[in-house]
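Topology and contacts: notes
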Amino acid sequence: MSSYPFQTQAQPASSTPSMNSFIDPYLYQTLQSVIRREVAIQTTQGNVRGNVVDVLPDHVVLQTGGSTFFVRIQQIVWVMPF
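These notes cover the structure that comes with them. Note that the coordinates shown come from a computational prediction; the quantities given were computed from them, not determined experimentally.

**Comments concerning the overall build of the protein chain**
- Counting its secondary structure elements, the protein chain contains one helix and seven strands.
- Seen in sequence order, the protein chain has helices and strands lined up from the N terminus as β-β-α-β-β-β-β-β.
- Taking as baseline every contact in the protein chain between residues at least 6 positions apart, the subset at least 24 positions apart corresponds to 37%.

**Points about the pairing of strand β3 (residues 38-43)**
- The pairing of β3 with strand β4 (residues 46-55) spans six bridges and is antiparallel. Looking at the pairing, Val39 lines up with Gly50 of β4.
- Linkage of β3 to β4, two consecutive antiparallel strands, is achieved through a turn of two residues.
- Alignment of β3 against strand β7 (residues 76-81), held across five bridges, turns out to be antiparallel. When the sheet's bridge partners are listed, Val39 is paired in β7 with Pro81.

**Some thoughts on the pattern of salt bridges**
- Across all of its chains, the model carries one salt bridge by this definition.
- We note a salt bridge from Arg49 to Glu38, for which the minimum N-O separation is 2.7 Å. Of this pair, Arg49 sits in strand β4 while Glu38 sits in strand β3, placing them eleven residues apart in sequence.
- Using a relative accessible area of 43% as the deciding quantity, one classes Arg49 as partly exposed.

**Quick notes on the environment of Ile41**
- For Ile41, the position within the fold is in strand β3.
- Given a relative accessible area of 0%, Ile41 falls into the buried group.
- Separated by 38 residues in sequence, Ile41 and Val79 have C-alpha atoms that sit 4.6 Å apart.
- With sequence-adjacent residues up to four places away left out, Ile41 is seen in contact with Gly46, Asn47, Val48, Val60, Leu62, Val71, Ile76, Trp78 and Val79.

**Here we look at the environment of Asn51**
- Here Asn51 is to be found in strand β4.
- The spatial distance from the C-alpha of Asn51 to the C-alpha of Glu38 is 4.2 Å, given a sequence separation of 13 residues.
- Side-chain polar atoms of Asn51 contact the backbone nitrogen of Glu38, separated by 3.4 Å.

**Some words on unusual backbone geometry**
- Phi at Arg36 is positive, roughly 75 degrees, even though this residue is not glycine.
- Assignment of secondary structure puts Arg36 in the loop between α1 (25-33) and β3.

**Considering the pairing of strand β6 (residues 67-72)**
- Direction of pairing for strand β5 (residues 59-64) relative to β6: antiparallel, over a ladder of six bridges. Within β6, the position partnered with Gln63 by the bridge is Thr68.
- With antiparallel pairing between neighbouring strands as the criterion, β5 and β6 make up a hairpin whose turn holds two residues, including Gly65 at a positive phi of roughly 55 degrees.

Reading the values: rules and limits
Residues numbered from 1 in each chain as written. Predicted model: local features only at pLDDT ≥ 70, side-chain atom pairs only at ≥ 80, totals over all residues. Heavy atoms only, no water. Helix = DSSP H or I, 4+ residues; strand = E, 2+ residues; numbered from the N terminus. Contact = heavy atoms within 4.5 Å. Pairing = 2+ DSSP bridges. Salt bridge = Lys/Arg side-chain N within 4 Å of Asp/Glu carboxyl O. Buried < 20%, exposed > 50% of the residue type's maximum accessible area, 1.4 Å probe, protein only. Polar contact = N/O pair within 3.5 Å; in protein donor to acceptor, adjacent residues only side chain to side chain.

Quick look at the structure:
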């Protein structure tokens, strides 16, 4: 199994791509519990700190300093509320 989210599966005549997405229900629930609170989120690319505006199954919306960030949940390493 590839870690790349888009995989094509061989099918006769009409092969269509499919998307596999894995949701961590515990992280999703934790993020929902900190909506409207300030958090620090460590991602695989660095960290960001801001207020959680919204949480969806695939990403979290943070607002900080007048900027909005959309962070993919699959890229989150840890979350620390303040």
